[in-house]
Amino acid sequence: MKQCVLTIQQNTALTPTTYRMVLEGDVSQITTPGQFINIRLEGHFLRRPISVCDVSCDDNTGSGTVTIIYKVLGQGTQEMTCFRAGRELDVLTGLGNGYDLSCAGDSPVLIGGGVGIPPLYLAAKRLLSVGKSCDMRADEGSCVNKKTDVTVILGFNSAEEIYYEDEFRALGCRVMIATADGSRGTLGFVTDAFREICGSHAPDAEGRTEFTHFYTCGPEPMLKAVYETVYKEAGISGQMSFEERMGCGFGACMGCSCRTVTGYKRICRDGPVLRTEEILW
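Reading guide: rules and limits
Residues numbered from 1 in each chain as written. Predicted model: local features only at pLDDT ≥ 70, side-chain atom pairs only at ≥ 80, totals over all residues. Heavy atoms only, no water. Phe/Tyr/Trp six-rings, centres within 6.5 Å; stacked < 30°, edge-to-face > 60°. Helix = DSSP H or I, 4+ residues; strand = E, 2+ residues; numbered from the N terminus. Buried < 20%, exposed > 50% of the residue type's maximum accessible area, 1.4 Å probe, protein only. Core = buried A, V, L, I, M, F, W, Y, C linked by side-chain atoms within 4.5 Å. Contact = heavy atoms within 4.5 Å. Salt bridge = Lys/Arg side-chain N within 4 Å of Asp/Glu carboxyl O. Pairing = 2+ DSSP bridges. Right-handed = clockwise from strand over helix to strand, strands pointing away. Polar contact = N/O pair within 3.5 Å; in protein donor to acceptor, adjacent residues only side chain to side chain.

Undergrad: Go over the packing of aromatic side chains with me, naming the residues and quoting the values.
TA: For the structure shown, the criterion picks out 10 aromatic pairs. Ring centres of Tyr121 and Tyr164 lie 5.1 Å apart, and the angle between their planes is 80°; this geometry places the pair in the edge-to-face category. Of this pair, Tyr121 sits in helix H2 (residues 118–130) while Tyr164 sits in the loop between strand S10 (151–156) and helix H3 (165–171), and the two are 43 residues apart along the sequence. On the basis of relative accessibility, which here comes to 7%, the residue Tyr164 falls in the buried class. Relative to Phe168, the ring of Tyr121 has its centre 5.5 Å away and its plane inclined at 80°; by these criteria the two rings are edge-to-face. One end of the pair, Tyr121, is in helix H2; the other, Phe168, is in helix H3, with 47 residues separating them in the sequence. One aromatic cluster is present, built from ring pairs that chain together Tyr121, Phe156, Tyr163, Tyr164 and Phe168.

This is how it looks when you write it as structure tokens:
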């Protein structure tokens, strides 16, 4: 964790209630998809924890940019929509433990809902840029690069709320959209879209789908549904990033603790990413 001053470079609307902010400064502590930053807002006691959507950092200087996406949910985030380029913010960076991308395999599926989508963008970007495995062919004795095939399922309430669909496609992801009102894509939730994909692909001899691992982030009801559908029913292990109200954001107050198979863990410090095998609902 590092406290630093970051300068707003951009702050623009993606939808009527969702905004993208690009901050510039020392981002050296942000190393893993799934980490978050904690922003101090004048006049508010608690900082605002927001997941990292993207980061670009100079390895030599540690300076660069971090992109966050936030939704207007209260007075604090409403005030943030009025922040202009050039404004400086007091920010804690490099918070939380992110996704372990080494578990992805050749065909991971990324499942996000609402403001849980942003950390999956950086995960997809990293998987597609460095996610190549060396397949040694015994008959040829040669090493063949295999590019990771990334599928992304994005869930929204309606078509009006959709964002970053084009950005995921531009990375090279296969993208499916689900909307609760059926105005775009699959009618229903991300789990309905997942079942739709699996229904078009025959399971293997052990009854498993084509997917090797899953990464997800979103509201807790969505995470629980993904846990039951993708982990319990389809038998795919994965990692879940929890959205949780936080006090300090770095593990001191214990306000965001949750129960796991090994005892209580703090979402802000031990998470926000937890493995399916350790979660107790």
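Having seen the model, we can carry on.
Undergrad: Could you give an account of the nonpolar core, with specific residues and numbers?
TA: In this structure, Leu110, Val150, Val152, Leu154, Phe168 and Cys173 are the most contacted members of the largest nonpolar core, which totals 26 residues. Those elements that place two or more of their residues in this core are H2, S10, strand S11 (174–179) and strand S13 (213–218). The greatest single-element share of this core, amounting to 6 residues, is contributed by H2. In contact with Phe168, not counting residues within four places along its chain, are Ile117, Leu120, Tyr121, Ala124, Val152, Leu154, Cys173 and Val175. With 25 residues, the next largest nonpolar core counts Phe194, Cys198, Phe211 and Tyr227 among its residues.

Undergrad: I'd like to hear about the pattern of salt bridges, residue by residue, with values.
TA: Counted according to the given criterion, the structure contains 9 salt bridges. Of the charged contacts, one joins Arg169 and Glu165 as a salt bridge, the two residues approaching to 2.9 Å between their closest N and O atoms. With a gap of 4 residues between them, Arg169 and Glu165 both fall in helix H3, about one helical turn apart. Exposure remark for Arg169: the relative accessible area of 40% places this residue in the partly exposed category. One network of salt bridges, in which partners are shared, links Glu165, Arg169 and Arg184.

Undergrad: Any details on the pairing of S11? Residues and values, ideally.
TA: Burial analysis of S11 places 5 of its 6 residues in the buried class, the great majority of the element. In the sheet, S10 pairs with S11 via 6 bridges, with the strands oriented parallel. Its bridge partner lying in S11, Thr151 is registered against Arg174. Assessed by its sense of winding, the connection that carries the chain from S10 through H3 to S11 is right-handed. Where S11 and strand S12 (residues 186–187) come together, 2 bridges link them in parallel fashion. For Ala178, the partnering residue across the bridge sits in S12 and is Thr186.

Undergrad: Could you give me a rundown of the pairing of strand S4 (residues 48–57), with the residues and numbers involved?
TA: Both strand S3 (residues 36–39) and S4 contribute to a ladder of 4 bridges, which runs antiparallel. Residue Ile39 lies in a different strand from S4, and its bridge partner there is Arg48.

Undergrad: So what's going on with the environment of Gln9? Residues and values would help.
TA: With respect to the element layout, Gln9 can be found in strand S1 (residues 2–13). Along the backbone, Gln9 and Arg84 are 75 residues apart, and their C-alpha atoms lie at a distance of 8.1 Å. Other than its neighbours up to four places away in sequence, Gln9 contacts Val22, Leu23, Glu24, Thr65 and Ala85. Within the structure, the side chain of Gln9 is placed 3.4 Å from the side chain of Glu24, a separation counted as a polar contact.

Undergrad: Talk me through the side chain of Asn11; I want residue IDs and the actual numbers.
TA: With respect to the helices and strands, Asn11 occurs in strand S1. Residue classification places Asn11 among the buried residues on the basis of a relative accessible area of 14%. In terms of polar contacts, Asn11 uses its side chain to reach the side chain of Tyr70, at 3.0 Å. Within the structure, Asn11 has its side chain in polar contact with the backbone oxygen of Met80 (distance 2.8 Å). With residues up to four places along the chain from it excluded, the contact list for Asn11 reads Tyr19, Arg20, Met21, Tyr70, Met80, Thr81 and Phe83.

The quantities given are spatial measurements derived from coordinates; they are silent on function.
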